[in-house]
Every structure is written in C-alpha cells, then in structure tokens.
Amino acid sequence: MQERIFLTPTDMGGDKAELIIERPSGGGSRPAVMLMHGHQKDPRPGAEVMVRAGIFRSVLVMGYVAAAVSMPGYGASEGQLDFCGPRSQAAVRAGLAHLRAMPGVDSSRIALCGWSRGAVVSAMVATAEPSLRALVLSAGSYDLVDESTFLIKGIHAAFVEESGGTVTAGIERSALYHVEKIKTPSLILHGDMDDRASVKTAIDLHERLCQCGCPSKLVIFPNTDHYLPRWQEGAEIASFLMEALGDPLG
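Residues numbered from 1 in each chain as written. Predicted model: local features only at pLDDT ≥ 70, side-chain atom pairs only at ≥ 80, totals over all residues. Heavy atoms only, no water.

By the naming in an unreviewed UniProt entry, the protein is Alpha/beta hydrolase family protein, taken from Azospirillum himalayense.

Draft legend 1. Representation of the nonpolar core in the model. Within the largest apolar cluster, 52 residues are counted, with the highest numbers of intra-cluster contacts made by M34, L99, Y142 and L205. If one sorts the elements of this core by residue count, helix 4 (residues 117-126) sits on top with seven residues. Beyond its immediate chain neighbours, meaning those up to four positions away, M34 contacts L19, A67, A68, V69, G95, L96, L99, A111, L112 and C113. F56, V136, V219 and L228 belong to the second largest nonpolar core, which has 27 residues in total. (Core = buried A, V, L, I, M, F, W, Y, C linked by side-chain atoms within 4.5 Å. Buried < 20%, exposed > 50% of the residue type's maximum accessible area, 1.4 Å probe, protein only. Helix = DSSP H or I, 4+ residues; strand = E, 2+ residues; numbered from the N terminus. Contact = heavy atoms within 4.5 Å.)

Draft legend 2. Spotlight on the sheet that holds strand 3 (residues 30-36). On the basis of which strands lie adjacent, the open sheet formed by eight strands has the order 1-2-4-3-5-6-7-8 and mixed pairing. Two strands close off the open sheet at either side, each with one partner strand: strand 1 (2-7) and strand 8 (216-221). Strand-to-strand twist of the sheet, defined as the mean angle between neighbouring strand axes without regard to direction, takes the value 20 degrees. Pairing between strand 3 and strand 4 (residues 65-69): five bridges, direction parallel. Looking across to strand 4, one finds that L35 is bridged to A68. Helix 3 (residues 86-101) contacts strand 1, strand 2 (17-22), strand 3, strand 4 and strand 5 (105-115) of the sheet and is inclined by roughly 150 degrees relative to strand 5. Taken strand by strand, helix 8 (residues 230-245) contacts strand 3, strand 5, strand 6 (134-138), strand 7 (186-191) and strand 8, and its axis lies near 165 degrees from that of strand 6. (Pairing = 2+ DSSP bridges. Axes fitted to C-alpha atoms, helices over the stretch in contact; angles between N-to-C directions.)

Draft legend 3. Just the packing of helix 3 against helix 4, in detail. Direction vectors running N to C along helix 3 and helix 4 enclose 65 degrees, while the axes themselves pass 9 Å from each other. Helix 4 is crossed by helix 3, and the crossing has right-handed handedness. Between helix 3 and helix 4, the contacting residues are S88, Q89, V92, R93 and L96 on the first element and V121, M124 and V125 on the second. Class assignment for the residues of the contact of helix 3 with helix 4 results in five nonpolar, two polar and one charged. (Left-handed = near helix turned anticlockwise from the far one by under 90°. Nonpolar A, V, L, I, M, F, W, Y, C, P; charged D, E, K, R; others polar.)

Draft legend 4. View of the pairing of strand 7. Burial of strand 7 is extensive: six of the six residues sit out of reach of the surface. Of the two faces of strand 7, the one holding S186, I188 and H190 and the one holding L187, L189 and G191 are both buried throughout. Direction of pairing for strand 6 relative to strand 7: parallel, over a ladder of four bridges. Paired with L135 across the bridge in strand 7 is S186. The parallel pair strand 7 and strand 8 is bridged by helix 7 (residues 199-211), and the resulting crossover is right-handed. (Right-handed = clockwise from strand over helix to strand, strands pointing away.)

Draft legend 5. Representation of a nonpolar patch on the surface in the model. Among the surface-exposed residues, V167, I171 and Y177 lie close enough to one another that they form a single nonpolar patch of about 250 Å² accessible area. For V167, the location among the structural elements is in helix 6 (residues 167-171). (Patch = residues over 30% accessible without salt bridge, like charges linked within 9 Å, V, L, I, M, F, W, Y side chains within 5 Å. Areas by Shrake-Rupley, 256 points an atom, 1.4 Å probe, with all protein chains shown as cover. Salt bridge = Lys/Arg side-chain N within 4 Å of Asp/Glu carboxyl O.)

Draft legend 6. Examining helix 5 (residues 153-163) more closely. Of the residues making up helix 5, those classed as buried are A158, F159, E162 and S163. Within helix 5, the buried residues cover an arc of 100 degrees as seen down the axis, which keeps them to one side. Residues of helix 5 that are exposed and point more than 90 degrees away from the buried face comprise K153 and E161. Each element contacted by the buried residues of helix 5 is listed here: helix 4 and helix 6. (Arc of directions from axis to C-beta.)

Draft legend 7. Region of the structure containing the layout of surface pockets. Empty space within the largest pocket amounts to approximately 1,200 Å³. Around the largest pocket sit 45 residues that line it, and G38, W115, S116, Y227 and E233 are the ones nearest its centre. Taken together, the residues of the lining of the largest pocket break down into 26 nonpolar, 14 polar and five charged. One number sums up the size of the second largest pocket: a volume of about 220 Å³. Considering the residues around the second largest pocket, the lining is formed by 13 residues, among which D11, P86, Q89, A90 and R93 are closest to the centre. Residue contributions to the lining of the second largest pocket peak at five residues, all from helix 3. Partitioned by chemical class, the residues of the lining of the second largest pocket number seven nonpolar, three polar and three charged. (1 Å grid on protein atoms, 1.4 Å probe; cavity = no way out; pocket = protein on both sides within 12 Å on 5 of 7 lines; lining within 4 Å. Points joined across faces, edges and corners; volume = space filled by probe spheres on them.)

As structure tokens, then:
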C-alpha cells in the first residue's frame, strides 16, 4: 500500500517535500531504494513518474521498499526549481532520513538511484551520506562549471535561470568537485551519444572514484543517446542492487 508523506526539510525554508513510499508484502526489516526523477515538462509529476513507469514495481518484486522524492517544483513538492541545488538535495536527504527511521526498513541497506537531473542531485547527496549502501547514476552530468558539458543551449539557460549560473552554483551541484567525499559503491550508466549530458563527465567521475578508492562500475551503452535502452539498463541496475543490498530478509 502506497503512502504519500510531506516532509519539511530544514533547508527548504518551510516548503514541503513530497515522499512516496511502498512496502512489499510480508514483514521483516528490508532494504530500501530511493528513486530520483529527472526533469519533466508541465505538469511535472515528480516522484509519481516512478510509480507510473513501473520502477516501483520492479523494486518491490526484488523484495525491497520503494521510495521516491519530488524535487522542489515537481509533483506536490513546494518551492521553485533550483536545478539540483541545495534545496533539491535537502529534499532527498530528508527522504532518506525518513526511510532510515521507518519501522520495517533496514537503515544500513539503503540505495539511492537517480536519472538525468535525478542523477546529478543523487551524486551530490552521496557526498553527504556516506552510509548509503549503493548509488546508481544514470545519464547525469557531474560538472556544471564547465559550460562545454551542456550539450543543449536550453539546458544551460535553465541552469542559469534556476541557479544564477555562477561558478559557486556550479560547484555546489557538481560531484566531480567533491569526489573524495563519496564513499558509496557506485554504478554509472551513460549513452556514448548522449545529446544532453556529456559522457565525458560520467567517465571522469568513474575514474576519479576509482582513484579515491571508491568501488565504481561504469557501463557505456553504444550508439545510445540520453534515453538508455530500458531493459538493458534495468538489468544492470537490478543486478547491482541485488549484489549491494542482498537478500531482502537477510
């Protein structure tokens, strides 16, 4: 049965963040997977898209608790879009804190998975959440300071409009500038012909994580743009999560 909860993170200025949670049938203390959506056009359903796309169902079938947060400006979360900035990161961290405190959730086995903008914010959240058991980043951009990584002018324009476009704004949204703080085994997925988020930043993040001693697996899909092949991507993610989180009742 799904729950829809509204959190009030301290770093969101009193605005509420929407969190959707669903448990698989049966009891026991289970791992949980937090799912982070990417950018959406109006009406911007936010976390709800993870339910509609069947991703919640995939997590539940593995025996894990499924959860998703709507970033500010998406779904029923309040506030303005901030292009994966501090307020979006605060919403995700509040969602993770709620999961850890929930009865029936194994707080030591929580994974964070993000797509596109969701990958950008998830990578940054991981810099402040070393206890995460697994991190999945799909089709994200991990250097928003280097303007050349914006492959579409409209995306750069959105970054400037939502964040101010300063170097400081870029750094506080770019995992490549904080790699040494990420301690979580990571799976990085990207298309070699991504026309929105440069594949170079995915390769750079993987290499830097390895240099820092953080386990990282990089999967580059050939002849693939920003939208990765769903079944192959899903298989990679499922395998990684099952290895990292283990038996749901273990």
